Amino acid sequence: MQDLTHYINGAHVAGTSGRFADVYNPATGEVQARVPLANAAEMDQAVQFAAAAQPKWAAVNPQRRARVMMKFVDLLHRDMDKLAEALSREHGKTLPDAAGDVQRGLEVVEYCIGAPQLLKGEFTDGAGPGIDMYSMRQALGVCAGITPFNFPAMIPMWMFAPAIACGNAFILKPSERDPSVPLMLAELMEEAGLPKGILQVVNGDKEAVDAIIDHDVIQSIGFVGSTPIAEYIYGRGCSQGKRVQCFGGAKNHMIIMPDADMDQAADALIGAGYGAAGERCMAISVAVPVGEATADKLIEKLKPRIDALKVGPYTGGNDVDYGPVVTAAAKANILKLVESGVAQGAELVVDGRDFSLQGYEDGFFVGPHLFDRVTKDMDIYQKEIFGPVLSVVRAGDYEEALGLAMDHEMGNGTAIFTRDGDAARDFASRVNVGMIGINVPIPVPLAYHTFGGWKKSVFGDLNQHGPDAFKFYTRTKTVTSRWPSGIKDGAALNFKPMD
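Cut-offs and rules
Residue numbers here run from 1 along each chain, matching the order of that chain's written sequence. Totals for whole chains, interfaces and linings use all residues, but because this is a predicted model, local features are given only for residues with pLDDT of at least 70 and pairs of side-chain atoms are given and counted only at 80 or more. In computing side-chain properties, one takes all heavy atoms of the structure into account and sets aside hydrogens as well as water. Think of it this way: any DSSP run of H or I at least four residues long counts as a helix, any run of E at least two long counts as a strand, and we number them from the N terminus. The reference for a compact globule is 2.2 Å times residues^0.38; the radius of gyration itself is calculated from the C-alpha atoms. Partly exposed residues are those whose accessible area sits between 20% and 50% of the maximum for their type, while under 20% is buried and over 50% is exposed, using a 1.4 Å probe and protein chains only. Residue contacts follow a heavy-atom distance rule, with two residues in contact if any of their heavy atoms lie within 4.5 Å. The Shrake-Rupley method, run with a 1.4 Å probe sphere, supplies the accessible areas, and residue values consider only the shown protein chains as cover. His is not counted, nor are the chain ends, whereas Lys and Arg count as positive and Asp and Glu as negative. Note on charges: their place is set at NZ of Lys, CZ of Arg, CG of Asp or CD of Glu. Only a pair of cysteine sulfur atoms within 2.5 Å qualifies as a disulfide here. Put simply, a nonpolar core is a bunch of buried Ala, Val, Leu, Ile, Met, Phe, Trp, Tyr and Cys residues held in one set by side-chain atoms that sit within 4.5 Å of each other. Pairs of strands are assigned from DSSP output, requiring at least two bridges between the strands. Simply put, an axis is a line fit to the C-alpha atoms, just over the touching stretch for a helix, and the angle between two N-to-C directions goes from 0 to 180 degrees. Under this definition, polar contacts are N or O atom pairs within 3.5 Å; protein pairs additionally need one hydrogen-donor-capable and one acceptor-capable atom, and for neighbouring residues in sequence, both atoms have to be side-chain atoms. Handedness of a crossover is defined as follows: with both strands directed away from the viewer, a clockwise route from the first strand across the helix to the second makes it right-handed.

1. Thoughts on the overall build of the chain
Helix and strand counts for the chain come out as 16 helices and 23 strands. For 499 residues, the compact-globule estimate of 2.2 N^0.38 gives 23 Å, and the C-alpha radius of gyration of the chain, at 26 Å, lies within 12% of that figure. Counting every position in the chain, which comprises 499 residues, the buried fraction comes to 55%. Look at the contacts in the chain between residues 6 or more apart in sequence, and 73% of them connect residues 24 or more apart. Accessible surface, the chain: about 20800 Å² in total, of which carbon and sulfur atoms supply 52%. Positive and negative side-chain charges in the chain, numbering 46 and 61 respectively, have mean positions lying 7 Å apart.

2. Some thoughts on the state of the cysteines
The term disulfide refers to a covalent linkage connecting the sulfur atoms of a pair of cysteines. For the coordinates displayed, the defined rule picks out 0 disulfides. Free cysteine Cys112: the closest other cysteine sulfur is in Cys166, separated by 7.4 Å. The structure places no disulfide on Cys281, whose sulfur is separated from the nearest cysteine sulfur, that of Cys246, by 14 Å.

3. Remarks on the nonpolar core
Grouped together as the largest cluster of nonpolar side chains are 90 residues, with contacts concentrated most on Phe72, Phe160, Ile164 and Phe170. The greatest single-element share of this core, amounting to 10 residues, is contributed by helix α6 (residues 154-165). Sequence-distant contacts of Phe72, that is, excluding residues within four places in its chain, are made with Val109, Met157, Phe160, Leu185, Leu188, Met189 and Ala192. Met254, Ile306, Val338 and Val431 belong to the second largest nonpolar core, which has 65 residues in total.

4. A short note on the sheet that holds strand β6 (residues 123-128)
Sheet architecture is open: 3 strands sit in the order β6-β7-β23, paired in antiparallel fashion. Each edge of the sheet is formed by a strand with only one pairing partner; in this case those strands are β6 and β23 (474-482). When the angles between neighbouring strand axes are averaged without regard to direction, this sheet yields 30°. Here strand β7 (residues 131-139) pairs with β23 via 9 bridges, running antiparallel. Looking at β23, one finds that Tyr134 is bridged to Val479.

5. Some words on the environment of Phe472
The residue Phe472 is located in helix α16 (residues 467-472) in this model. A sequence separation of 250 residues divides Phe472 from Gly222, and the C-alpha atoms of the two residues are 9.6 Å apart. Among residues more than four places away in sequence, those in contact with Phe472 are Leu140, Ser220, Ile221, Arg243, Val244, Gln245 and Leu462.

6. Describing the sheet that holds strand β1 (residues 2-3)
Strands sit in the order β1-β5-β4 across an open sheet of 3 strands; the sheet is mixed. Looking at the sheet topology across the chains shown, the edges are occupied by β1 and β4 (20-25). When β4 meets strand β5 (residues 30-36), the two strands line up antiparallel, connected through 6 bridges. Bridge pairing links Val23 to Ala33 in β5. Here helix α3 (residues 80-91) sits on the sheet in contact with β4 and β5, set at roughly 105° to β4.

7. Describing the environment of Thr476
With respect to the helices and strands, Thr476 occurs in strand β23. Each C-alpha atom, one on Thr476 and one on Thr327, is 43 Å from the other, the two residues being 149 residues apart in sequence. Here the side chain of Thr476 touches Arg137 through a polar contact of 3.3 Å, side chain to side chain.

8. Comments concerning unusual backbone geometry
The phi dihedral of Ala276 falls on the positive side, at around 55°, and the residue is not glycine. When you line up the elements, Ala276 lands in the loop between α10 (262-274) and β14 (284-289). Ala276 sits in the buried class, given a relative accessible area of 7%.

9. What to know about the pairing of strand β11 (residues 218-224)
Among the 7 residues in β11, 6 count as buried, and that is most of the element. Pairing of strand β8 (residues 142-146) with β11, which is carried by 5 bridges, proceeds in the parallel orientation. Its bridge partner lying in β11, Gly145 is registered against Gly222. Two elements, β11 and strand β12 (residues 243-247), share 5 bridges in a ladder whose sense is parallel. Looking at β12, one finds that Val224 is bridged to Phe247. In terms of handedness, the path from β11 via helix α9 (residues 227-239) over to β12 forms a crossover that is right-handed.

Following this line, the structure appears as structure tokens:
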């Protein structure tokens, strides 16, 4: 069994707290590694190294910082297969899905190559008599990110790439469930030319999180995870004067209008609902067909597609549709919610409760589930299941369907499938959700737009990646400049009389 490390000041460093967490192979249920859990002293050591290295890095011009990002992109392409395999081994997602995890992070790094343009300030010539005014975007100093298990490559890169391109140092606290890829990313960043101490990886649990929140040197915190923890970090971090952005849970609705292409909608729901075993904050977990006839057609299309899904380990070949969930506790929680749906009266059309994979009986596999006739008062509707469970809530008309998405306390993403441009425009305009798909099931914006939900899916006023990232990781300094006149008049060869 492997003992993992922290990555501090350019080196792998063993933990000294004496506390460890097990890292599982979700496909077999076996412990494959131990990861150290840092205490406040270990976190402070990493912060001190980062604080010492950051001023010199901030003084490097943006073009040269961007060249590090360019080289990092090359290295990510070089090691794509290696990164994907390590990610799948600890998370459980399929190899193509793991490579997609790396790729969507890589795209944000590519955007950060434009740092020289994105960091340009503003200038006003002649703001007053002999007065010029200009603004500068300057680095915050030491920043930190707390990232989730479900995207161990993508979300760390969404945070540290723009932060570092802006001239900051960065402390990354990845999920203790799948920490190997973040450690590999730190190595690659330094191979790309990043100075030691600018990107530190400190593994840990709540003790490490609290050490980040309470450390007076750390200027900003980014977080992605559950809503209760997002609220906790945001409230406590802001009270300490830090800049904080926290992204929480989701309950994403997909509205299917009567005029939708039903095969297209069903295929979209299969990918968005069951891909990555449903462990995505942008997964579609609620399908809302409008009208009984639409709902009946949708169920008819979905059931054979779900029955045909192949569940297996990432080593099972490219035809595996999704793998295990990340832990035994996650599996137990999903099945508990499924049981609550049955008990509260939902119709379980596809029942995956007895799913077992020969040879992998101890793995954390969950069979696919499909509920019909789910109502708003049920736990499976109210709560984020984060598993391969799709709920169908039947709506009588468009307004009722729109209201379901608008009334839910989460507001991460939503989608509508329709051939009616007027309905699509109305939906996009009115719905109080941050990311909208029109005939697109998982509306994750590309790197040059920003990612972020509304309502209890987000805490903070700036989104991830895109232009918002460069605002979040910098402060604006405005300079008003006036120079005395007279030098341009030339030399005086005679004594001037006294004024």
